[in-house]
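Working through the structure, step by step
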Amino acid sequence: MGDLRVSGLTKSFGTGGSKMLAVDGFNVEVKDGELLVLLGPSGCGKSTTIRALAGLEVPDAGHIAFGSQVVFDAERRIEVRPHNRDIGMVFQSYALWPHMTVRRNIAYPLRSRRRREGNREELVKQAAELVNCAELLDRYPSQLSGGQQQRVALARALVARPAVMLFDEPLSNLDAKLRDQLRADLHSLHRQVGFTGVYVTHDHAEALALGDRLAIMRAGRIEQLDTPALVFSEPRTEYVAAFIGIDNVIELRRDGDRWACPGGALHGDVPAYEGDVVRLRIRNEDVRLCASPADITGREIGVAGATVVDVGFHGRTWEVVAELGDVPISAMLDGSARVPGPGDTVVIAFETQHALVYGATGELLAAAAASTNHEKRPVPGRTRPSSIGVAQP
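Residues numbered from 1 in each chain as written. Predicted model: local features only at pLDDT ≥ 70, side-chain atom pairs only at ≥ 80, totals over all residues. Heavy atoms only, no water.

**Comments concerning the sheet that holds strand β7 (residues 87-90)**
One open sheet holds the six strands; their spatial order is β7-β8-β9-β3-β10-β11, and the pairing between them is mixed. With partners counted over all chains shown, the strands left at the sheet margins are β7 and β11 (221-226), one partner each. When strand polarity is set aside, the average angle formed by the axes of neighbouring strands in this sheet is 20°. Helix α4 (residues 146-158) contacts β7 and β8 (164-168) of the sheet and is inclined by roughly 170° relative to β7. (Pairing = 2+ DSSP bridges. Helix = DSSP H or I, 4+ residues; strand = E, 2+ residues; numbered from the N terminus. Axes fitted to C-alpha atoms, helices over the stretch in contact; angles between N-to-C directions. Contact = heavy atoms within 4.5 Å.)

Dropping the structure here:
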């Protein structure tokens, strides 16, 4: 195993006026034994990046090194072919040879690397045992379920103990229950083997569970590179906050020396945020629904005038969606709480310490109170310590 260093990686598609920049000056270092997750929506450049690491795409510029091996350098005209890069890769589509048994599929990287036949069988057996598929060695891919095929693909990628493991959305074709199981198995396997890896996904829950660090990508660049705990508690931009599922947005506008909220009447003491417009993002589990402004506690602010439009049962919780003007606000309520019904008028209430505050440019001004233990860093912008009033309707 080893580290991975990428600098200035750039890749575009098309020609002339139709040229599209897919990866734009991508830079990252992955430490030995670290699993980096590239997270983002379709079209953000994450799959193109990992294909460039594998040698399946030729970048326009940049430098890639696996440990001491430089596998790509545009200036020095170095381009190592995929089969000569010391990598193991797990694809979304499994990519198993249908005419080969599981045993031969797993052994394929050993044969292509010309490893001695004497110890091949033992290495294959060890890899199969690592991913709990040793009993499948004499079957063919057509005789396996999707989950079993993906385990075999993982064993094949691991068997030669490559310098770097690459994962291109390997769990996206599986059903929810199996995906959760394999995600847990993969997390355990990484802890056991300690491989260096890059993992691509669009699923933020998967990324938070697997990654030592997350790189949230936007338009071919890294928008935020942090530990899962920091990405969760301090998404640095609204783009990151929205992508990890913090969808509730309440906009506040300065009205003289007070704050006002379009779409509702604002109640409570609002911190004196800098700027004339701020956008608060609140997780749905931190939203409380009240019948009237009189129910707001001293630590909360609330916005009156929201109308419940949908109620969903989730076992131990209820999800209630209310519209504040034309803005939907979701609240996840405990099963024992009073649950309003569609058409009811409610007050959206929350503690300001639970709100992520973003300025007009979408940059984080103040982070919510941390719910996990991790080292805090200073964030751009500050809030003044005093409070100002709210504009009354």
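**Structural notes on the pairing of strand β5 (residues 69-73)**
Within a regular strand, side chains alternate between the sheet's two faces. Pairing of strand β4 (residues 61-66) with β5 involves four bridges; the strand directions are antiparallel. Paired with F66 across the two strands is Q69, which belongs to β5. Here β4 folds back onto β5 in antiparallel fashion, the turn holding two residues, of which G67 has a positive phi close to 60°. By the bridge criterion, two bridges tie β5 to strand β6 (residues 78-79) in an arrangement that is antiparallel. Paired with D73 across the strands is I78, a residue of β6. The hairpin turn running from β5 into β6, its antiparallel successor, is four residues long, and R77 in that turn takes a positive phi close to 60°.

**What about the packing of aromatic side chains?**
Evaluated as defined, the whole model comprises five aromatic pairs. Note on W97 and Y108: the rings are 5.7 Å apart at their centroids and 50° apart in plane angle, and the pair reads as tilted. Taken together, the positions of W97 in the loop between β7 and α2 (102-112) and Y108 in helix α2 put the pair eleven residues apart, joining distant regions of the chain. Residue class for Y108 comes out partly exposed when judged on its relative accessible area of 34%. A centroid spacing of 5.4 Å and a plane angle of 35° characterise the contact between F167 and Y199, whose relative ring orientation is tilted. Here F167 is found in strand β8, whereas its partner Y199 is found in strand β9 (residues 197-201), with 32 residues between them in sequence. (Phe/Tyr/Trp six-rings, centres within 6.5 Å; stacked < 30°, edge-to-face > 60°. Buried < 20%, exposed > 50% of the residue type's maximum accessible area, 1.4 Å probe, protein only.)

**Some thoughts on the packing of α2 against α4**
Across the interface, α2 lies against α4 with an axial gap of 7 Å and an inter-helix angle of 30°. By the criterion of interaxial angle, the relationship of α2 to α4 is roughly parallel. In the packing of α2 onto α4, the handedness of the crossing is right-handed. Between α2 and α4, the contacting residues are V102, N105, I106 and P109 on the first element and V152, A155 and R156 on the second. Looking at the contact of α2 with α4 residue by residue, the classes come out as five nonpolar, one polar and one charged. (Parallel < 35°, antiparallel > 145°, perpendicular 65-115°, else oblique. Left-handed = near helix turned anticlockwise from the far one by under 90°. Nonpolar A, V, L, I, M, F, W, Y, C, P; charged D, E, K, R; others polar.)

**Thoughts on the environment of V327**
With respect to the secondary-structure elements, V327 resides in strand β20 (residues 327-334). A residue is classified by how much of its surface remains accessible, and V327, at 31% relative accessible area, is partly exposed. Sequence-wise, V327 and V6 are 321 residues apart; in three dimensions their C-alpha atoms are separated by 41 Å. Contacts of V327, omitting those with residues within four sequence positions, involve V249 and A322.

**Quick notes on the packing of α4 against helix α5 (residues 176-193)**
Contact pair α4 / α5: the axes reach a minimum separation of 11 Å and the direction vectors enclose 20°. One way to sum up the angle between α4 and α5 is to call them roughly parallel. As α4 runs across α5, the sense of the crossing is right-handed. Between α4, through G147, Q150, R151, L154 and L158, and α5, the contact on the second element is made entirely by L178, Q181, L182, D185, L186 and L189. Here the residues of the contact of α4 with α5 sort into six nonpolar, three polar and two charged.

**Concerning the confidence of the model for the protein**
With 92% of its residues at a pLDDT of at least 70, the protein reaches an overall mean of 89. Low confidence marks residues 371-393, where pLDDT is under 50. Its contacts with residues over four positions away, or in another chain, come to 62 contacts. (pLDDT = per-residue confidence, 0-100.)

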